[in-house]
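Here is what each chain is made of, one letter per residue.
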Amino acid sequence: MKSLSEKLMIESSGLIKNYWYAAARSTDLKKGKPVKAVIMELPIVLWRNSKGDIAAMIDRCNHRNAPLSEGKIENDCIVCPYHGWVYNEKGQCVNIPSEGPNTDRIPNKKVELFPVIERYGLVWVWMGREVLPDKEPFEMPYYSGEGWKNYYMVTPFDNAVTDLVENFMDVPHTVYVHKGWFRDKKQICIKAEVERTPNSVLVSYDQPNDSIGFFDWMINPKRLPLKHTDNFYMPNVTRVDYVYGNQEKAFIITSTCTPVKAFETKVYTLITYKLGWFNALATFFLPWYTKKVIDQDVWIMKIHGKNMQTFKTPDYKSTQVDFMHVYIESLRRAAETPDEQPTPQPIKKQIEFWI
Ligand code: FES
Ligand SMILES: [Fe+2]
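Just so it is clear, the structure is predicted and the values come from calculations on it, not from any experiment.

The rules behind the values
- Residues numbered from 1 in each chain as written.
- Chains lettered and ligands numbered in written order.
- Predicted model: local features only at pLDDT ≥ 70, side-chain atom pairs only at ≥ 80, totals over all residues.
- Heavy atoms only, no water.
- Salt bridge = Lys/Arg side-chain N within 4 Å of Asp/Glu carboxyl O.
- Helix = DSSP H or I, 4+ residues; strand = E, 2+ residues; numbered from the N terminus.
- Buried < 20%, exposed > 50% of the residue type's maximum accessible area, 1.4 Å probe, protein only.
- Donors = N, O, S within 2.8 Å, 3.2 Å for Na, K, Ca; no water.
- Tetrahedral: all angles 85-135°; square planar, octahedral: opposite > 155°, others 65-115°.
- Pairing = 2+ DSSP bridges.
- Lys, Arg positive; Asp, Glu negative; His and termini not counted.
- Contact = heavy atoms within 4.5 Å.
- Core = buried A, V, L, I, M, F, W, Y, C linked by side-chain atoms within 4.5 Å.
- Domains from an automatic or database assignment.
- Buried area = accessible area lost by both parts, 1.4 Å probe.
- Polar contact = N/O pair within 3.5 Å; in protein donor to acceptor, adjacent residues only side chain to side chain.

Chemist: Could you give an account of the pattern of salt bridges, naming the residues involved and the relevant values?
Modeler: Counted under the stated rule, the structure contains 16 salt bridges. One salt bridge connects E352 with K191, and the closest N-O pair in it is separated by 3.0 Å. Of the two residues, E352 is situated in strand β19 (residues 347-354) and K191 in strand β13 (residues 189-197); the sequence distance between them amounts to 161 residues. Under the relative-accessibility criterion, E352 is labelled partly exposed at 30%. By relative accessible area, K191 is classed as partly exposed at 44%.

The following block contains the structure:
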């Protein structure tokens, strides 16, 4: 068991915490029911009042530290399940039942409140406790738009954020882990450009004849050229775009990773697509297909994460297709330990690999 003096993950996350993190889907937050989220080992309770506003507060009652998320919402306040202390949406304690009518005895009893915002169907919590929000949450692409459809998948993974975003960007694994489901091995050479900016890693593939999924012949019968890009945005987002022709059709996978613990991450994946007449069919078929593919990644990330915990420190041998991984690691490490790591310089490389 962790001793009380050990640091929580959030306390050793450097600048990584100064971002918005997805804590729930908007639809998860029903009026009158608190929802628990754990972000960087910090339990947070989210709840909605009768006006629809959301409060995000530390999931620890001021009194004896019971979890407020197990309590009730009454009269637009959250009531602790243990002795019934009552907190309003500002985190202020407004009633202590055992004090009877003596409300003058409670003025300074407040629980920690976190900035919270609703965007793109998600509830985001700002985790930078010493810094006020200075940016918006990551813009989930084409969340609304003519011809576009979307849905979220929420997936718990047993691995760390860095390894997960690398997996979501990784092409060579697709012909092994997703063999027959996403891409098949053809032993062809692929060229790509990999660029690191101060806060992103951008990969652009030169593979216009690529085909993805076993439904490719249906969505791209005219064999329009495919533009494939894989982008990582600090500290925890990947956006994978497959765009056909002049954006006549497109399929985009955007994943925002919420660290729960060192080797536990909750991933909110937005699947956005514009597939013309195939849209109607895709509504039924894509959620099943994408769940199948993501479950294959859940499996490989689980056994990979287990090995990482066994061996304690990574000992990676990289080839040129792994540049993107190395760049992602360099950006995240610099943000985690800003006093120890130099800021990585922008760089661009051309690579080639076989799949
Ligand atoms: S622990 Fe919450 S009221 Fe006592
Ligand atoms: Fe994968």
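Chemist: An account of the coordination of the iron ion (ligand 2) is requested, with residue identities and associated values reported.
Modeler: Those protein atoms acting as donors to the iron ion (ligand 2) are H173 (NE2), H178 (NE2), D297 (OD) and D297 (OD), and they sit at 2.0 to 2.3 Å. Considering all four donor atoms around the iron ion (ligand 2), the spread of angles at the metal, 58 to 151°, places the coordination shape in the irregular class. Accessibility expressed as a relative area gives 14% for H173, which makes it buried. Note on H178: relative accessible area 2%, which makes it buried.

Chemist: An account of the sheet that holds strand β3 (residues 42-48) is needed here, citing residue identities and associated values.
Modeler: Spatial strand order, β2-β3-β4-β9: four strands in an open sheet with antiparallel pairing. Each having just a single partner strand, β2 (35-39) and β9 (113-114) make up the two edges of the open sheet. The pairing of strand β4 (residues 54-58) with β9 spans two bridges and is antiparallel. Bridge assignment links A56 to a residue of β9, and that residue is F114.

Chemist: For the side chain of E166, give the residues involved together with the corresponding values.
Modeler: Mapped onto the elements, E166 comes out in helix α1 (residues 161-169). Look at E166: it is buried, it has no salt bridge, and the nearest opposite charge is R332 at 7.3 Å. Setting aside residues no more than four positions away along its own chain, E166 makes contact with H325, I328 and E329.

Chemist: Account for the nonpolar core, with residues named and values stated.
Modeler: Grouped together as the largest cluster of nonpolar side chains are 86 residues, with contacts concentrated most on L46, L68, V125, M127, V201, L286 and F353. The biggest single contributor to this core is helix α4 (residues 278-311), with eight residues. Of the domains in this structure, domain 1 (24-126) and domain 2 (149-354) are the two that each give at least three residues to this core. Other than its neighbours up to four places away in sequence, F353 contacts V171, P172, I188, C189, I190, A192, Y205 and V321. One finds W20, W124, W126 and M140 within the second-largest nonpolar core, a separate group that totals 10 residues.

Chemist: How would you summarise the domain arrangement of the protein chain if you had to cite specific residues and measurements?
Modeler: With domains assigned, the protein chain is organised as domain 1 (24-126) and domain 2 (149-354). Its C-alpha centre places domain 1 at a distance of 36 Å from the equivalent point of domain 2. If you sort the residues of domain 1 by the area they bury against domain 2, R25, V38 and L122 come out on top, with a joint share of 45%. Along the contact surface separating domain 1 from domain 2 lie zero salt bridges. Applying the counting rule to domain 1 against domain 2 returns four residue pairs in polar contact (both at pLDDT 80 or more).

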